[in-house]
Amino acid sequence: MSSTNNGRHRTTGLTQNASAFWDQPHFFYAKIQEKYGVAPKRLIADAAYGSEENCAKLEAKNIPALIPYNTYEKENTRKAKKNPHHQQNWTYKEEEDVWICANGKKLVRTGTSKQTTESGYTSVIQHCQCHECEGCPFRLACTTSKYGRTTQWNPVYHEQKQKARERLESEEGQAWHRQRKTDMESVFGQIKQNRGFRRFVLRGLQKVSIEWGLICAAHNLLKKAARDKQPSLTA
C-alpha cells in the first residue's frame, strides 16, 4: 500500500491479514496523518484492499483512493470482454430490477442474503435467476445447471466498482497505478529474489513485525549506500 503527498511517494508494505486493522486502508491513512502530521493526497493499494467495506469506509471519510476491486484485472482481459455470458456484459434494468442476458431474457431476483465481516460490516447480496432458459441456443455455453442460469450481485459494491473503474481508467489514475507497481513490486522482488528472504523465522505478530522491520531497514540502508556511492550531479 502506498500514499502520495506533494509529489512524493511514500510506500509501506503491509501483510493483509496481519491484524484486524491493518487490512483497512482508512486506518492506514489515519496512521500516516498521525505520524507525519499531513494528509496524503491519495491512497493507492492493490486489489487485496478493494473490498466493499474498505470502499465504503474510505468514501465515508472522503479519502481519495485508487484501489482496484478483486475482479478488475480479470474483467479487463480480452476473453472476459468478449464473453457475452459474463454478467459484466449484460444490461441491468433498474426500473424492473432485472438483468438482461445475451439472448434478451430476464434474470429476476429470487432472494437476498447477507454477509458480515469480522469487523461487523454487512453486505447485502441479491440472487437472480432466469426462468426462460429452456430451448435457449446459448444454454450450454451459458450454464450447466438444470435449473437455468443464476447470478448474484451486490448493488452497493457494484456502484463502488463503477466509481473505482472510472478513477483507475482516467489518465491520472493510470499513471499513479503504474507508478505503484514500480515502487512496490520491485521492492518485493529485491527482498525475495535478490536477497533470498522467503519466509519468516520467528513466530507471533510482534516478533514477525520486528523481523520485517529489520528487513526493511536493511533494504533502505543498502539503497542509501548505493545512492551515496553515485557521483553528485552538481559536482
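Located above this text is the structure these notes cover.
Anyway, here's the lowdown on the structure attached to this text.

What counts and what doesn't
- Residues numbered from 1 in each chain as written.
- Predicted model: local features only at pLDDT ≥ 70, side-chain atom pairs only at ≥ 80, totals over all residues.
- Heavy atoms only, no water.
- Core = buried A, V, L, I, M, F, W, Y, C linked by side-chain atoms within 4.5 Å.
- Buried < 20%, exposed > 50% of the residue type's maximum accessible area, 1.4 Å probe, protein only.
- Helix = DSSP H or I, 4+ residues; strand = E, 2+ residues; numbered from the N terminus.
- Contact = heavy atoms within 4.5 Å.
- Pairing = 2+ DSSP bridges.
- Axes fitted to C-alpha atoms, helices over the stretch in contact; angles between N-to-C directions.
- Parallel < 35°, antiparallel > 145°, perpendicular 65-115°, else oblique.
- Left-handed = near helix turned anticlockwise from the far one by under 90°.
- Nonpolar A, V, L, I, M, F, W, Y, C, P; charged D, E, K, R; others polar.

1. Points about the nonpolar core
So, point 1. Listed in full, the 10 residues of the largest apolar core are Phe28, Tyr29, Ile32, Leu43, Ala45, Tyr49, Leu58, Ile63, Ala65 and Ile67.
So, point 2. Here this core takes three residues from helix 1 (residues 25–36), the largest share from any one element.
So, point 3. With residues near it in sequence (within four places) discarded, Tyr29 still touches Ala39, Pro40, Leu43, Ile63 and Pro64.

2. Focus on helix 2 (residues 52–60)
So, point 1. Taken as a whole, helix 2 has its buried residues at Glu52, Glu53, Asn54, Cys55 and Leu58.
So, point 2. If you follow the buried residues of helix 2, they end up packed against helix 1, strand 4 (65–66), strand 8 (122–130) and helix 6 (155–168).
So, point 3. Looking at the residues trailing helix 2, positive phi occurs at Asn62, about 55°.

3. A look at the sheet that holds strand 9 (residues 150–153)
So, point 1. Pairing is antiparallel in the open sheet, where five strands are placed in the order 5-6-7-8-9. What marks the edges here is a single partner per strand, and that holds for strand 5 (91–93) and strand 9. Ignoring strand direction, the axes of neighbouring strands in this sheet form an average angle of 35°.
So, point 2. Examined bridge by bridge, strand 7 (residues 106–116) and strand 8 share nine bridges and lie antiparallel to one another. Looking at strand 8, one finds that Gly111 is bridged to His127.

4. Regarding the packing of helix 2 against helix 6
For any two helices packed against each other, the geometry is given by the interaxial angle and the distance between the axes.
So, point 1. It is at 10 Å that the axes of helix 2 and helix 6 come closest, and there the two elements cross at 70°. Compared by their axis directions, helix 2 and helix 6 come out roughly perpendicular. Crossing angle aside, the handedness with which helix 2 passes helix 6 is left-handed. Residue-level inspection shows Glu52, Cys55, Ala56 and Glu59 of helix 2 in contact with helix 6, the latter providing Val156, Tyr157, Gln160 and Lys163.
So, point 2. When its residues are assigned to classes, the contact of helix 2 with helix 6 shows four nonpolar, one polar and three charged.

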